[in-house]
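# Commentary on secondary and tertiary structure
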Amino acid sequence: MRSLTDQHGRVVRDLRVSVTPRCNFKCTYCDPLGMGHQEPVGTVSVADVDHVVRAGAGLGLESVRFTGGEPLLRQELPEMIYNAKRTPGIHDVAITTNASLLKRRLPELLAAGMDRVNISLDAIDPEAFRLATGGSIKQVWEGIMAVMEAGLHPVKLNAVVIRGINDGELIRLAKLTEQLPIHMRYIEYMHLNNAGAEEYQRSFMPGREIRARVEAALGELTPVPTDPSAPARLFKVPGWQGAIGFINPVSEPFCGACSRMRLTSDARLRPCLLTDRELDVREALIAPDPIPAIQEQFLIAAHRKVASGITTPLERPRTMVAIGG
Ligand code: SAM
Ligand code: SF4
């Protein structure tokens, strides 16, 4: 079997699929399209996603994560999960969600075979949460409790830390790990196309400062052995149930261990988050024999993965919603 190995020897095993650019939240660091009544023209269909996942699995892809935008706005998400779960070679199917609709939709996601959930949680205090996301913590919290009760372990919670917006919530978030067996992970704010340079510099908080603040409040953290290809470095407060993680894509880019590829909501393969070297797979999707045609695109995309962090500005900047964070 041909495999998706790039020219730096890294094997691509994980596919992130943005199933919609729409979102019902307005996080300060993101740039969602808003709700709209329907998906924009050209958004990937259930069949498109199925073909891309099958093509990738034929080249050694092992896991798929559905994201967006807000993936739970996509009615057909359970169908996509069901198809991915039944694709030979794919053994892990997950979603990344803001959890606002999670409690309501969880039964159909579980019935489709979803394995895991990552949830964005930027704050716990209701006012701080509203300031950071424009949404309501109540529904999100109910969603978090619902997945925990369903036994999907580990539930990973992610907070993008923005100075002046949610840095006052760092300790409250870390304290969740005292009683809950969750992973609470802090993500460094990445400069995509949504803020001016000065505003970004003011808002960015490096992972080492976040960790220093957590340790100043809770004592020294002890390292937890972690899969080297995982983006988070994990730690614990000794004796507490959960783990605290740091994802530092800006100050400590993890390109060297990257095993990821992305399918954007408008059907482009994106080899790296920080480059705009995308490949349109539309033609391959309508080819008489789409699977080998898409596989050719996968192989080209794998060759376009870069070795390490990019410093040149993007020609075609896009925020996370279409790319699939
Ligand atoms: N709506 C879902 C959610 O918020 O979990 C899924 C899509 S969201 C774009 C996926 C992830 O990207 C979230 O964890 C979010 O916090 C992260 N993200 C978005 N913009 C970011 C930025 N500028 N820097 C760092 N992470 C970002
Ligand atoms: Fe929506 Fe997720 Fe972006 Fe927040 S991070 S605006 S929830 S897509």
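Just so you know, these numbers come straight off a predicted model, no measurement behind them.

### Quick word on the overall build of the chain
- A tally of regular secondary structure across the chain gives twelve helices and twelve strands.
- Burial analysis of the chain (325 residues in total) assigns 56% to the buried set.
- Restricting to contacts in the chain with at least 6 residues of sequence separation, those with at least 24 account for 71%.
- Carbon and sulfur atoms make up 53% of the accessible area of the chain, which totals about 14000 Å².

### Section: the site of ligand 1
- Taken together, 16 residues form the shell around ligand 1, and within it Gly 69, Glu 70, Ser 120, Val 160 and Met 190 come nearest.
- Contacts to ligand 1 include Gly 69, whose backbone N or O atom sits 2.9 Å from a nitrogen atom.
- Ser 120 places a polar side-chain atom, nitrogen or oxygen, 2.6 Å from an oxygen atom of ligand 1.
- Of all the elements in the fold, those that place two or more residues in the shell around ligand 1 are β3 (92–97) and β6 (183–188).
- Along the lines of polarity and charge, the residues of the shell around ligand 1 split into six nonpolar, eight polar and two charged.

### Let's talk about the packing of helix α1 (residues 46–57) against helix α2 (residues 77–85)
- Put simply, α1 and α2 touch, their axes get as near as 10 Å, and they point 25 degrees apart. Judged on the interaxial angle alone, α2 and α1 are roughly parallel. Crossing handedness for the pair α1 and α2: right-handed. Across from Val 46, Val 49, Asp 50, Val 53 and Arg 54 in α1, the residues of α2 making contact are Glu 79, Met 80, Asn 83 and Ala 84.
- The residue inventory of the contact of α1 with α2, partitioned by class, reads five nonpolar, one polar and three charged.

### What to know about the nonpolar core
- If you look at the biggest cluster of nonpolar residues, it comprises 95 residues, and the most contacted ones within it are Phe 66, Ile 95, Leu 102, Ile 119, Tyr 186 and Phe 298.
- Setting aside chain neighbours within four positions, we find Phe 298 in contact with Leu 4, Leu 15, Val 52, Ala 55, Gly 56, Leu 59, Met 261 and Leu 269.

### As for the sheet that holds strand β12 (residues 279–280)
- The sheet built from twelve strands is open, its strands ordered β7-β8-β9-β6-β5-β4-β3-β2-β1-β10-β11-β12 with mixed pairing. Every other strand in the sheet has two partners, leaving β7 (222–223) and β12 as the edge strands with one partner each.
- Bridge count between β6 and strand β9 (residues 243–247): five bridges; the pairing is parallel. Bridged to His 183 within β9 is Ala 243.
- Each of β1 (14–18), β2 (63–67) and β10 (260–263) touches α1; the most contacted strand, β1, lies at about 170 degrees to it.

### With respect to the environment of Lys 26
- As for its placement among the helices and strands, Lys 26 is situated in the loop between β1 and α1.
- Overall, the relative accessible area of 65% leaves Lys 26 in the exposed class.
- Counting along the chain gives 104 residues from Lys 26 to Arg 130, while the straight-line C-alpha distance between them is 9.3 Å.

### Comments concerning the pattern of salt bridges
- Within the structure shown, the criterion is met by 16 salt bridges.
- For Arg 105, the salt bridge identified is with Glu 108, shortest N-O distance 2.7 Å. Separated by three residues within a single helix, Arg 105 and Glu 108 lie in helix α3 (residues 102–112), roughly one turn from each other.
- A relative accessible area of 4% means that Arg 105 is categorised as buried.
- A salt bridge links Arg 270 to Glu 278, with the shortest nitrogen-to-oxygen separation between them at 2.5 Å. We note that Arg 270, like Glu 278, is buried.

Conventions adopted
Residues numbered from 1 in each chain as written. Chains lettered and ligands numbered in written order. Predicted model: local features only at pLDDT ≥ 70, side-chain atom pairs only at ≥ 80, totals over all residues. Heavy atoms only, no water. Helix = DSSP H or I, 4+ residues; strand = E, 2+ residues; numbered from the N terminus. Buried < 20%, exposed > 50% of the residue type's maximum accessible area, 1.4 Å probe, protein only. Contact = heavy atoms within 4.5 Å. Areas by Shrake-Rupley, 256 points an atom, 1.4 Å probe, with all protein chains shown as cover. Near = heavy atom within 4 Å. Polar contact = N/O pair within 3.5 Å; in protein donor to acceptor, adjacent residues only side chain to side chain. Nonpolar A, V, L, I, M, F, W, Y, C, P; charged D, E, K, R; others polar. Axes fitted to C-alpha atoms, helices over the stretch in contact; angles between N-to-C directions. Parallel < 35°, antiparallel > 145°, perpendicular 65-115°, else oblique. Left-handed = near helix turned anticlockwise from the far one by under 90°. Core = buried A, V, L, I, M, F, W, Y, C linked by side-chain atoms within 4.5 Å. Pairing = 2+ DSSP bridges. Salt bridge = Lys/Arg side-chain N within 4 Å of Asp/Glu carboxyl O.

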